[in-house]
Structures are given as structure tokens and as C-alpha cells.
Amino acid sequence: MPDLEAEDQKLVTLARSSRARIQAPEGAAVRDTDGRTYAAGTVDQPSFKLTALQAAVAAALSSGAEGIEAAAVVSEEGLLKGASVHAVRDLAKYAPIILAAPDGTVLEVLER
């Protein structure tokens, strides 16, 4: 289990909170290159679906973010969905993507 810096641990905490608040399958948070954070949960509507990380990236972009510094996903599944990874990689090829369990335990840090 990797140790996280305080700012990355904050992303995990925000992702956990987002997931719990709406009882979603996933919660996610991103930090943009200006240090601002955005959090979201899974969106599952009849007309469209977003992973939690796609929703968090969309929130960042719609707020004017120009890049992503780091991201975190909290999920019971224990795996990062390809669509989630692609949402971050569209903006930042090497930003770490942290995968954590619902209790906050870090399962993986994807660097590429």
C-alpha cells in the first residue's frame, strides 16, 4: 500500500465523501494544475452515464481547468475503468490516478 502525500490523501477523502453522500458505486476527485479540487460521484441517468472520474474531470473542465495534476477514485470494484483513465489522460499523460477502497485504503497508484 503506497503512502500518499497530504494533498493526494485529500483527494481520496473527497472521493470517499462524494461516494458516501449520494451512495454511488464510485466517488472521485481531481486536483487541477492551479491546485483547485473537484469531486463527483457516478452519474447513471437514462440518457447518459458517467464514471465518477469522468464527472469530476467534467466539473474541472467546466470550471476552466487547463490540466489535471492528480486524481483519485474510490470504488468497491477494486479496478479503474478504462473510461475513467482516458478522461484524465486526455488532459495529463502522467498524472497519478489513485484507486482506493471505500475505507480509504490505497489499492493502486497508476502513473501512466
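Residues numbered from 1 in each chain as written. Predicted model: local features only at pLDDT ≥ 70, side-chain atom pairs only at ≥ 80, totals over all residues. Heavy atoms only, no water.

(A) Looking closely at the overall build of the chain. Along the backbone of the chain there are 3 helices and 7 strands. When the helices and strands of the chain are placed in sequence order, the string is α-β-β-β-β-α-β-α-β-β. Counting only C-alpha atoms, the chain reaches 40 × 30 × 20 Å along its principal axes. The buried share of the chain, taken over its 112 residues, is 44%. Sequence separation of at least 24 residues holds for 54% of the intrachain contacts in the chain that already meet a minimum separation of 6. Here the chain displays about 5900 Å² of accessible surface, and carbon together with sulfur accounts for 49% of that area. (Helix = DSSP H or I, 4+ residues; strand = E, 2+ residues; numbered from the N terminus. Buried < 20%, exposed > 50% of the residue type's maximum accessible area, 1.4 Å probe, protein only. Contact = heavy atoms within 4.5 Å. Areas by Shrake-Rupley, 256 points an atom, 1.4 Å probe, with all protein chains shown as cover.)

(B) Quick peek at the pattern of salt bridges. A full pass over the atoms with the stated rule returns 8 salt bridges. Among the salt bridges present, the one from glutamate 69 reaches arginine 31, with a minimum N-O distance of 2.6 Å. Of this pair, glutamate 69 sits in strand β5 (residues 68–75) while arginine 31 is found in strand β1 (residues 26–32), placing the two residues 38 residues apart along the sequence. Here aspartate 32 ties to arginine 36 by a salt bridge, and the two come within 2.8 Å at their closest N and O atoms. Accessibility expressed as a relative area gives 35% for arginine 36, which makes it partly exposed. (Salt bridge = Lys/Arg side-chain N within 4 Å of Asp/Glu carboxyl O.)

(C) Structural detail: the sheet that holds strand β2 (residues 37–41). With respect to topology, 5 strands assemble into an open sheet ordered β2-β1-β5-β6-β7, the strand pairing being mixed. Every interior strand has two partners, whereas the edge strands, β2 and β7 (106–110), have only one. Across the sheet, the mean angle separating the axes of adjacent strands is 15° when strand polarity is ignored. Where β1 and β2 come together, 5 bridges link them in antiparallel fashion. (Pairing = 2+ DSSP bridges. Axes fitted to C-alpha atoms, helices over the stretch in contact; angles between N-to-C directions.)

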